[in-house]
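# Structural characterization, general
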Amino acid sequence: MLRCIPLLLVFSLICSPLRAQTPYPQDYFQNPLDITMVLSGSFAELRSNHFHSGIDIKTQGKEGLKVYAAAQGYVSRIKIAHFGYGKALYITHPNGYTSVYAHLQKFSPKIESYIKNLQYQKESFEVETFPKPSELVLEKGEVIGYSGNTGGSGGPHLHFEIRDDQERPLNPMLFGIEAKDTKRPRISNVYAYPKTSKSLINGKNERQELRLIPRANGQYSTERISAIGEIGFGVVSYDQQDLAPNKNGLSTIKTFLNGTPKLEVDFKRFSFSETRHLNRYIDYEVYRKKRRRIQKLFIEKNNPLSFINNLDNNGYCIIEDSTSSVFRIEVKDFKGNTSVVSIPVEGQKQEPPASPEQSEYTYLISEKATTTLSGPNSNITFYSGTVYEDTSINYRTQGDTLFVDEDRIPLRKNFLISYDIEKFKPEDRDRLYIARLNGYKKTPYFIGASRKGNQLTATTKVLGTLVLTSDDEPPVITPVNFQSKKWLSKYRYLKLKISDEQSGISKYRATVNGRWILMEYDYKTGLLVHDFNDGVITETANNLKVIVTDNVGNSSTFEAVFYRK
C-alpha cells in the first residue's frame, strides 16, 4: 500500500545527513555586531609574517559600535597592549570553544571596572589577566565592549576569532557566521619554479612568470611552456566579496596534473606555532621586492604547515622529454565560488645555462650547524635551524656597518649580531644601539641594545644592512589640549603627545600629586590620554609629572600644574 510521507518529514530526512556532515555548531554563535557583516579581512589571509587568525569585520569607518558576546560563557582572558590586538577580550564557552574580540575601544562597564582596578594596582597600562570562571559571566548577546582601533589596527574594525580547545584558530564562517559573497576569486599572476639545478623552464633554471590569459566564467589559461625535470607552480589570487572592495584571502586551493591531484591547501584551521612559517609558504623574495604574495603550490624542505595536504610528490610535477601535460590550479572562496587556471606544459629536453659566478663575499649558512661570520669588531651568528635549508648569502663589512645580504631570504628564527664597543668612551657606550637601515633614506630602525661588558648584542629575523649607531636625544613631550596653570574642570581627557625620532619610546610614567595615573598610549598617533572619569584626581590643584624614556635610556620629564573642581 502506497503511503504519503509529509513534505516536512521528507525535508528533515534530507537535511539531517547534511547537518551531520558539519562538525561545527551552526546556530551557537551570533554575529558580534548588530550591523550587516562586511569583511575587510578573511580567515587565514596572508599578512606580514603571519596568517590572519580571524575575520576583520568593518564597523562603517567608526569606533564605538556595541560588541556583543557571540555566545554564553565567561571572560577567561583580558589583554591590553600597545601593539598587536590592543584591547582584547577572550570568552570561553561551555562547548569548549573560545571567542576573541580585538582592537576594542573600551570594555563594557563591569569589565572596564575590573581591568582598571588591575591597571592601577600594577601601575601599568599594559596588563594581562585570566579571570576565574565565576568572576565575569556573560550571556549570549550581552554587550562586552565597543569597537575601536587600538593596537596594530590599521583602521576602525572588529577582529573576531573562534578557537578550539587547543587554542587553534578556526574560520568563524565554519560556524555559520558569514558575509555575502557571489563573486569568483581573481587570479592575477601565475609562476613556474624549477626544483633542482637540472630543472629547466623555457630554457632557464629560475622562476618564470607566465603570461596569464583571462577567459569567461572564472576560467584562465597561460601560454604554453616548455620544461624538463621537476617543476612547481605558484599563484597570486584573492577574493572580493559583494559588499566590500577589499582583496581577501581564499578558502581552498587544489592542483592537478593531467587530472591527478597534486596538492590541496585548506585554510580551515592552523596553530599559532605554524603562523610564523608563512614566509616559507610564499615566495618571500618577490614579496619583499614587489609586495606580491605568491602562494607556492609545492612543499619545500622544513615547511610544517598542517593545512597543506601533500597528495603527490609534494606538489611537484616530473616533466619528461616529448610529453604534453596540463597543470590545473583551482581556487575557491568559502562560498564555493571557483576560478581555474590551466597551464599547458610541453616536455622538451633543453641545454642548461651556464652557472653564475659567485661573489667573493658569498658565504654558505648551514641549516644544521652554527655559522659565524666575523668583521673587525663585530660578529653575526646563525644558529642551527635559523635557515630553512643551506643557503648562500652575501656578507661584507665597512666600519660599523654590516651588509648582511638583502631582505630576500625567510628565516626560521633570529640570528645574533654582536659588536665590541671597547673603542668608545665609557660615557658614550650607554647610548649605543644596533639598528637596521630601512628604505631609500636608510633610516635607522632600532633592533636592540643588550649590553654585557664591552659586548653590545641584538637579534633579528630580517637580513639587510645593519649598523652600530647612537642616540643622544631625549624624547619630546608636548601637551595637546591644556596649558600649565589652567582650569580643566570642563575637560574629560588630559592629552599629551610623545615622540622619539631615533631609538623609539621604551616606557613612560605619569603621576599627579605623586600618585600614579593611567594614561593610555596609542603608538600610531603618539598620544597619551588620561580619562578624568577614572576618579583618581580629586584635588583642586594638581601637579602633573610625566617621564618618558627611549630605548637607550634617554629620559625627558614634563611638569605642569592644572586645576579642577
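Residues numbered from 1 in each chain as written. Predicted model: local features only at pLDDT ≥ 70, side-chain atom pairs only at ≥ 80, totals over all residues. Heavy atoms only, no water.

Right, let's talk about the overall build of the protein for a bit. A count of helices and strands for the protein gives 5 helices and 47 strands. For the C-alpha atoms alone, the extent of the protein along its principal axes is close to 90 × 90 × 35 Å. Evaluated residue by residue, the protein yields a buried proportion of 50% over its 565 residues. Here the contacts in the protein between residues at least 6 apart in sequence split such that 68% fall between residues at least 24 apart. Approximately 27,700 Å² of the protein is accessible, and the part contributed by carbon and sulfur atoms is 47%. Each charge class in the protein was averaged separately, 75 positive and 63 negative side chains, and the resulting centres sit 4 Å apart. (Helix = DSSP H or I, 4+ residues; strand = E, 2+ residues; numbered from the N terminus. Buried < 20%, exposed > 50% of the residue type's maximum accessible area, 1.4 Å probe, protein only. Contact = heavy atoms within 4.5 Å. Areas by Shrake-Rupley, 256 points an atom, 1.4 Å probe, with all protein chains shown as cover. Lys, Arg positive; Asp, Glu negative; His and termini not counted. Charge placed at Lys NZ, Arg CZ, Asp CG, Glu CD.)

A word on the environment of Glu45. Tracing the sequence through the fold places Glu45 in the loop between strand E1 (39–41) and strand E2 (46–47). Residue contacts for Glu45: discarding those within four places in its chain leaves Ser40, His50, Phe51, His52, Lys247, Asn248 and Gly249. Separated by 3.1 Å, the side chain of Glu45 and the backbone nitrogen of Gly249 make a polar contact. (Polar contact = N/O pair within 3.5 Å; in protein donor to acceptor, adjacent residues only side chain to side chain.)

According to the stated counting rule, one finds 27 salt bridges in the structure shown. For the salt bridge of Glu300 with Arg280, the shortest nitrogen-to-oxygen distance reads 3.9 Å. One end of the pair, Glu300, is in the loop between strand E23 (295–296) and strand E24 (308–310); the other, Arg280, is in helix H3 (residues 278–281), with 20 residues separating them in the sequence. Owing to a relative accessible area of 6%, Arg280 belongs among the buried residues under this scheme. Between Arg328 and Glu330 there is a salt bridge, with its nearest N and O atoms 3.7 Å apart. Taking relative accessible area as the criterion, Glu330 reaches 14% and is therefore assigned buried. (Salt bridge = Lys/Arg side-chain N within 4 Å of Asp/Glu carboxyl O.)

Taken together, the 2 bridges between E1 and strand E4 (residues 55–58) define a ladder with antiparallel strand orientation. In the strand pairing of E4, Leu39 is matched with Ile57. Inspection of the sheet shows E4 paired to strand E13 (residues 157–163) by 4 bridges, in the antiparallel sense. Paired with Lys58 across the strands is His157, a residue of E13. (Pairing = 2+ DSSP bridges.)

On to the nonpolar core, then. Counting 104 residues, the largest nonpolar core has Phe233, Tyr281, Ile329 and Leu544 as its most contacted members. Not counting residues up to four positions away in its chain, the partners in contact with Leu544 are Phe482, Leu494, Leu496, Thr511, Val512, Ile517, Phe558, Glu559, Ala560 and Phe562. Listed in part, the 23 residues of the second largest apolar core include Leu373, Tyr419, Ile421 and Leu463. (Core = buried A, V, L, I, M, F, W, Y, C linked by side-chain atoms within 4.5 Å.)

All right, on to the packing of aromatic side chains then. Throughout the structure, instances matching the rule amount to 26 aromatic pairs. Look at Phe51 and Phe307: their rings are 5.1 Å apart centre to centre, the planes differ by 85 degrees, and that puts the pair in the edge-to-face class. One end of the pair, Phe51, is in strand E3 (residues 50–51); the other, Phe307, is in the loop between E23 and E24, with 256 residues separating them in the sequence. The exposure class of Phe51 is buried, given its relative accessible area of 1%. Using a relative accessible area of 5% as the deciding quantity, one classes Phe307 as buried. (Phe/Tyr/Trp six-rings, centres within 6.5 Å; stacked < 30°, edge-to-face > 60°.)

On to the confidence of the model for the protein. Across the protein, the average pLDDT comes to 94, with 96% of residues at or above 70. Of the regions scoring below 50 in pLDDT, residues 1–20 engages in 1 contact with residues more than four places distant in sequence or in other chains. (pLDDT = per-residue confidence, 0-100.)

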